[in-house]
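Below are the chains, spelled out letter by letter.
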Amino acid sequence: MAEMVTVRLKVNGVAHEGRCEPRKLLVDFLREDLELTGTHIGCEHGICGACTILFNGEAARSCIMLAVQADGSEILTVEGLMQNGTLHPLQEAFREHHGLQCGFCTPGMLMTALDFLKTNPSPTEAEVREGISAVLCRCTGYQGIVNAVRAAARTLGGAAKVESGT
Amino acid sequence: MSAPAAPKLVGARVPRLEDPRLLTGQGRYVDDHRPARTLHAAFLRTPHAHARILRIDAEAARALPGVAAVLTGEDMARDCKPVRAGSRMPAYKVTSFPALAQGKVRYTGEAVAMVAAESRYLAEDALDCIVVEYEPLPAVAAMEAALAPGAPVLHEEAGDNLLLAREFACGDVDGALAGAHLVVRERFRFHRHTAVCMENRGALAEYASATGTLTLRSSAQCPGIVRDVLADLLDIPEHLIRVVAADVGGGFGAKASLYPEEIAVCVMARRLGRPVKWIGDRREDLLATSHAWDEIVEAELGVAADGTIVGLRAEVMADVGAYSIYPWTAAIEPVQTISFLPGPYRIEHYRGRTRGIATCKAPMGPYRGVGRPPAVFVMEGLLDRAARRLGMDPTALRLRNFIRAEDFPYKSPSGIVWDRSSFTETMLRAREALGWEAARAEAARSRAAGRWVGVGVASYVELTGIGSAIAVSPGMPVPTGTEAATIRVDPAGTVTAVFGIASHGQGLETTLAQVVADELGVPIETVRVLHGDTALSPYGTGTYASRSTVLAGGAGILAGRDVREKTLRIAAHLLEAHPADLVVQDGRVAVRGLPDRYVTVRDVAKAAYGGVRHLPRGMEPGLEATRFYDPYYGTASNATHMAVVEVDRETFHVRILRYLVAEDCGRIINPLVVDGQVHGGVAQGVGAALLEEIVYDGEGQLLTGTLMDYLVPTASEVPAMEVHHVETPSPTTLGGFRGMGEGGTIGAPAVIANAVSDALAELGIEVNELPLSPERLFRRIVGGS
Ligand code: FES
Ligand code: FES
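Note that the structure is predicted; figures quoted are calculated from it, not measured.

**Student:** Got a minute to help me understand the overall build of chain B in this structure?
**Tutor:** A count of helices and strands for chain B gives 20 helices and 33 strands. In summary, chain B has a C-alpha radius of gyration of 27 Å against a globular reference of 28 Å for 785 residues, a match within 12%. Referenced to the eigenvectors of the C-alpha coordinate spread, the extents of chain B come out at roughly 85 × 70 × 45 Å. Within the span of chain B, comprising 785 residues, buried residues form 66% of the whole.

**Student:** What's the story with the overall build of chain A in this structure? I'm lost.
**Tutor:** Of the regular secondary structure elements, chain A holds five helices and five strands. Shown N-terminal to C-terminal, the secondary structure of chain A runs as helices and strands in the order β-β-α-β-β-β-α-α-α-α. For 166 residues, the compact-globule estimate of 2.2 N^0.38 gives 15 Å, and the C-alpha radius of gyration of chain A, at 16 Å, lies within 12% of that figure. With respect to the three principal axes, the spread of C-alpha positions in chain A is 60 × 30 × 25 Å. The proportion of buried residues among the 166 residues of chain A is 60%. Residue pairs at least 24 apart in sequence account for 55% of intrachain contacts in chain A once pairs closer than 6 positions are excluded. Surface summary for chain A: the accessible area is close to 6,600 Å², and the carbon and sulfur share equals 49%. Computed over 14 positive and 19 negative side-chain charges, the separation of the two mean positions in chain A equals 3 Å.

**Student:** When you look at the packing of aromatic side chains in this model, what are you seeing that I'm missing?
**Tutor:** Aromatic ring pairs are reported here in terms of the distance separating the ring centres and the angle at which the planes meet. All names here are of chain B. Per the stated rule, a full pass over the model turns up 16 aromatic pairs over all chains. Over the aromatic face of Y259 sits the side chain of R201, whose NZ or CZ is 3.7 Å from the ring centroid. One residue, R588, lies across the ring of Y598, its end atom 3.9 Å from the ring centre.

**Student:** Help me out: how do you make sense of the sheet that holds strand β3 (residues 52-55) of chain A in this one?
**Tutor:** Within a sheet, adjacent strands bond to each other through the backbone by hydrogen bonds, running parallel or antiparallel. Residues and elements named next belong to chain A. With mixed pairing, the five strands of this open sheet are ordered in space as β2-β1-β5-β3-β4. Only two strands of the sheet have a single neighbouring strand rather than two, namely β2 (14-20) and β4 (58-61). For this sheet the average axis-to-axis angle between neighbouring strands, irrespective of direction, equals 40°. Sheet topology places β3 next to β4; four bridges connect them, and they run antiparallel.

**Student:** Just checking my understanding: could you explain unusual backbone geometry for this structure?
**Tutor:** For residues that are not glycine, phi is negative in most cases, and the peptide bond is trans in most cases. Residue and element names in this part refer to chain B. Cis geometry marks the peptide bond from Y326 to P327, where omega comes out at -5°. Turning to its location among the elements, P327 is positioned in the loop between β18 (309-321) and α10 (332-340). Along the chain, L770 connects to P771 via a cis peptide bond; the corresponding omega equals 5°. Positive phi, normally seen in glycine, also occurs at Y632, with a value near 60°. Turning to its location among the elements, Y632 is positioned in the loop between β29 (624-629) and β30 (635-647).

**Student:** Would you mind going over the layout of surface pockets with me for this structure?
**Tutor:** Regions of empty space are outlined by a rolling probe, equal in size to a water molecule, passed over the atoms. In this structure, the largest pocket spans a volume of roughly 1,000 Å³. For the largest pocket, the lining is made up of 46 residues, of which A:D28, A:E32, B:H40, B:R120 and B:Y121 are closest to its centre. Counting only elements with at least two residues in the lining of the largest pocket, the list comes to β2 and α1 (26-33) of chain A together with β1 (39-45), α4 (120-128) and β15 (276-279) of chain B. Sorting elements by how many residues they give to the lining of the largest pocket places α4(B) first, with five residues. Its residues placed into classes, the lining of the largest pocket shows 14 nonpolar, 10 polar and 22 charged.

**Student:** Just to check I follow, could you spell out the pairing of strand β2 (residues 51-57) of chain B for this structure?
**Tutor:** Note on strand geometry: in a regular strand, side chains alternate between the two faces of the sheet. All names here are of chain B. The pairing of β2 with strand β6 (residues 104-105) spans two bridges and is antiparallel. Bridged to R52 within β6 is K104. Alignment of β2 against strand β8 (residues 131-136), held across six bridges, turns out to be antiparallel. If you follow I53 over to β8, its bridge partner there is Y134.

**Student:** Looking at this structure, how should I read helix α17 (residues 601-609) of chain B?
**Tutor:** An α-helical turn contains 3.6 residues, so any two residues separated by three or four positions project in the same direction. All names here are of chain B. Among the residues making up α17, those that are buried are V601, V604, A605, A607 and A608. Viewed end-on, α17 has its buried residues packed into an arc of 160°, placing them on one side of the element. Facing away from the buried side of α17, by more than 90 degrees, are the exposed residues R602 and K606. Of the residues trailing α17, G611 is marked for its positive phi of about 105°.

**Student:** So what exactly am I meant to see when it comes to empty space enclosed by the protein here?
**Tutor:** All names here are of chain B. Under the definition given, this model contains 13 cavities of 30 Å³ or more. As a volume, the largest cavity reaches approximately 640 Å³. Around the largest cavity sit 47 residues that line it, and Q506, S546, Q677, M740 and G741 are the ones nearest its centre. Within the residue set of the lining of the largest cavity, elements represented by two or more residues are α10, α15 (508-520), α16 (548-575) and α18 (671-690). Looking at the lining of the largest cavity residue by residue, the classes come out as 22 nonpolar, 19 polar and six charged. Looking at which domains feed residues into the lining of the largest cavity, each of domain 1 (423-464 + 633-785) and domain 2 (482-629) gives three or more.

**Student:** Sorry if this is basic, but what is going on with the side chain of B:T289 here?
**Tutor:** Residue and element names in this part refer to chain B. Residue position: T289 is located in the loop between α9 (282-288) and β16 (291-292). A relative accessible area of 3% means that T289 is categorised as buried. At 2.9 Å, the side chain of T289 forms a polar contact with the side chain of R201. Within the structure, the side chain of T289 is placed 2.7 Å from the side chain of D285, a separation counted as a polar contact.

**Student:** Please clarify how the packing of helix α2 (residues 89-96) of chain A against helix α5 (residues 143-155) of chain A should be interpreted in this entry.
**Tutor:** When two helices pack together, you describe them by how their axes are tilted relative to each other and by the distance separating the axes. Residue and element names in this part refer to chain A. Where α2 contacts α5, the two axes come as close as 8 Å, and the packing angle between them is 140°. Considering their axes alone, α2 and α5 lie oblique with respect to each other. For the pair α2 and α5, the sense of crossing is right-handed. Facing α2, whose interface residues are P89, L90, A93 and F94, α5 presents I145, A148, V149, A151 and A152. Residues belonging to the contact of α2 with α5 are distributed by class as follows: nine nonpolar, no polar and no charged.

**Student:** Would you explain the side chain of B:T728 in this entry?
**Tutor:** Residue and element names in this part refer to chain B. Structurally, T728 can be placed in the loop between β32 (722-725) and α19 (743-759). You can call T728 buried: its relative accessible area is 12%. There is a polar contact of 2.5 Å between the side chain of T728 and the side chain of D664. Not counting the four nearest positions on each side in its chain, T728 is found in contact with R420, S422, D664, G666, R667 and R738.

**Student:** Is there a simple way to explain the pairing of strand β10 (residues 182-190) of chain B in this structure?
**Tutor:** All names here are of chain B. The pairing of β10 with strand β17 (residues 295-303) spans nine bridges and is antiparallel. Looking at the pairing, R185 lines up with E300 of β17. Both β10 and strand β33 (residues 769-770) contribute to a ladder of two bridges, which runs parallel. Along β33, the bridge assignment pairs F190 with L770.

**Student:** I would appreciate a short explanation of the environment of B:F97 in the present structure.
**Tutor:** All names here are of chain B. Take F97: it is sitting in strand β5 (residues 96-97). F97 gets classed as buried once you look at its relative accessible area, which sits at 7%. Taking the C-alpha atoms as reference points, F97 and P20, 77 residues apart in sequence, are found 40 Å from one another. If near-sequence neighbours (up to four positions away) are discounted, F97 is found in contact with P82, V83, P260, Y323, S324 and P363.

**Student:** How do you make sense of the domain arrangement of chain A when you look at a structure like this?
**Tutor:** When the parts of a complex come together, some accessible area is lost, and that lost area is often taken as the interface size. All names here are of chain A. One can read the domain layout of chain A as domain 1 (5-80) and domain 2 (89-165). Counting residues at the interface gives 18 residues for domain 1 and 14 residues for domain 2. One can count zero salt bridges joining domain 1 with domain 2. Across the domain 1-domain 2 interface, the total number found is five residue pairs in polar contact (both at pLDDT 80 or more). Taken together, the elements giving at least two residues each to the side of domain 1 that touches domain 2 come down to β3 and β4. When grouped by side-chain class, the residues that make up the side of domain 1 that touches domain 2 number nine nonpolar, seven polar and two charged.

Calculation criteria
- Residues numbered from 1 in each chain as written.
- Chains lettered and ligands numbered in written order.
- Predicted model: local features only at pLDDT ≥ 70, side-chain atom pairs only at ≥ 80, totals over all residues.
- Heavy atoms only, no water.
- Helix = DSSP H or I, 4+ residues; strand = E, 2+ residues; numbered from the N terminus.
- Rg over C-alpha atoms; globule rule 2.2 N^0.38 Å.
- Buried < 20%, exposed > 50% of the residue type's maximum accessible area, 1.4 Å probe, protein only.
- Contact = heavy atoms within 4.5 Å.
- Areas by Shrake-Rupley, 256 points an atom, 1.4 Å probe, with all protein chains shown as cover.
- Lys, Arg positive; Asp, Glu negative; His and termini not counted.
- Charge placed at Lys NZ, Arg CZ, Asp CG, Glu CD.
- Phe/Tyr/Trp six-rings, centres within 6.5 Å; stacked < 30°, edge-to-face > 60°.
- Lys NZ or Arg CZ within 6 Å of the ring centre and 35° of its normal.
- Pairing = 2+ DSSP bridges.
- Axes fitted to C-alpha atoms, helices over the stretch in contact; angles between N-to-C directions.
- 1 Å grid on protein atoms, 1.4 Å probe; cavity = no way out; pocket = protein on both sides within 12 Å on 5 of 7 lines; lining within 4 Å.
- Points joined across faces, edges and corners; volume = space filled by probe spheres on them.
- Nonpolar A, V, L, I, M, F, W, Y, C, P; charged D, E, K, R; others polar.
- Arc of directions from axis to C-beta.
- Domains from an automatic or database assignment.
- Polar contact = N/O pair within 3.5 Å; in protein donor to acceptor, adjacent residues only side chain to side chain.
- Parallel < 35°, antiparallel > 145°, perpendicular 65-115°, else oblique.
- Left-handed = near helix turned anticlockwise from the far one by under 90°.
- Salt bridge = Lys/Arg side-chain N within 4 Å of Asp/Glu carboxyl O.

Set out below in structure tokens:
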């Protein structure tokens, strides 16, 4: 059996230590070793975005990273969004605007949208579409997601931007 | 018996009950289950399109540390029968579909061996150590060549590659076309597609040898169908098999069939006495999940000078891939195309012929719309060609030919009976909402200014909620016409409603809870819907063919009525009133006009389980009911789609400037969910029309094996959509519901094709091939002129 390496990292504010093979993907480490199955795998080749997490504060695809690369990092997954039993405003907006159907893309979509809204707190519709185009959703036709992200932007305090042509 | 209070939840935008768990990462998809001692499976997939297997040497793989077992086709054959998808259809040949290839492989990606190991990593390591010796055979790569004399034959038992043929004929089409004022003809090509559910397929089997029970968790749409067939294939009594499809990450028809991997994990788990899990990766999904819609249709439409249709004739060839899929068979796609080709139009003279042809490709199976995306592309394309030649407005031509209010019920030339639908109404609604005339005038101005802008229209009708009168796929032996519901009120007055259907994104936990809560007169918070588990539910097959709202909704209404009736009788006993004087609402049963004289549903439930001394004389204790529903013929949904598009003169990309749907799915349970289904369906249709295509080369090698090659639309390619509802309750179903899971995908390819043809009308180009990749358009426009 291959040598094992130790990975220490913080996930959703909690410190974890695990031992795994150096070749283990970060997403598999999160799902199998830490039993955080909210992060999903849709392609394992970096296209679908289902596996998106926040890695040291930025959206990243956990299927094209190794667990060892995450040693010493801070990670936020979908499990870390709810605070004190209350849905995050972005999660609320997804529910309100029907931004999910089967829910499989949803964790990656939420993490991507969260990152996007940090850099663009009051986006236009076109900007939202561009921003979430890193994640594939096969169910919603994106309309509910776009509406949800725009609504969340408003709740999260972004001032409405004057839209031209959208 | 008292009527239920006015519906309060049906029709309301109720936020979905499934959302909190799915939004917080607490969904439970197959891969999220990790029983102790689980082994992980991986499949060795052949690189050959067509080859004889001479030898498999798995010794080195078996010797690897962490590997529990390696199975080949021969091992598999000892433990289970091959799948044989049967049909009573006369010109259909039954062929075998083994769980692992036996003797030869018939498409690239077919599984030849299976490894079970302590991790998926180790299982994949072991795949590298398996040596397979093949004798390559010539590939059958294209359906046209597959029928040529001397072509290599995929299934020796079939004799040739023609797996099925069928014809629908009505009237004298040859005479009608000969006498027509105008006949338009075209050869249409709809290329191969696949569903790409974001959750890849997966299966987890557990076998308990002491009890002989098998539990399969699968990303399946049809747990009931899978349970029944596994019993036969594995020779295990049905009641000892439990199939669970809990959270499933999209299905769209592609997860409605039985797959080899589902059988294989069961065999492995039974052999080893340990849980065995297989989770497909995207490469396996593109290689080995069912494909769809790959058809060549040669069609002719004859019209009179005033645009009245006089006849329709079509020849369909479908590339059904290497195997006939269970339970639908290879016939489902090609036969649906000729069944539905006449669409919502009055057509007296019709002949549709179809052939399903085996090639070295992944099997063809159902995918959203089944046969109708190509059928509507063809029919609507022909209508536009006729309108153009006659100088008629395309909407006027359709309005002239729609089946009219006075024609219902209307028997179509392929034998389908349409109940009262709103073909004309949805067209008028769409025209008004788009501003059809203005949009056309503006597009004409844009074209005059040198832009390629066009406006398109397409209408269709889809058969939904099919009852027992006809099988969902021709001649198939599985009963698809019924569903059941068990509604159980527990002593605390809360409600569990169990259904045999399975939800995989449609929100059925919410919509069925709305139906049940209204029927019982209780708050929705007190209703929990369970589904997708054969051990919990009464007999049912699953979710496919836009049936679950109609069939499960109907069963829920029937069972709800029974429970409500008993609730009222018990309440009447407790209140010393007459049942007919009672109303049940918000969890209370009150005497009409005396709202203070009431008992709660909880009081009633307590009495129901308290024994006979709390109950009216002669009443049996308990408060639950199981009812089955068969809508017999089923019903129909219809819609008109309109789109405004622009073809970029530099890049040949098609941009959708506006997209509009006017649809009628009958009585709406939850507008949020209905809109979501339309949006999602249209997005898949947009992908089908512009981006997505499964491509094999001439040797049968798959060229689109990643999501960089098979292009699923992102939010940037899918347009904002306007959805308008015409709500005509179905006269033939309980609740007036019409199914509506597929429609968006049926209308979108046709309307985009028609809009692009309109944009390019001055160039004399009419779209006859989808998807319209920039390259394809470039060749048509530049290469062709
Ligand atoms: S699973 Fe990571 S991008 Fe698809
Ligand atoms: S909700 Fe199913 S893939 Fe997005």
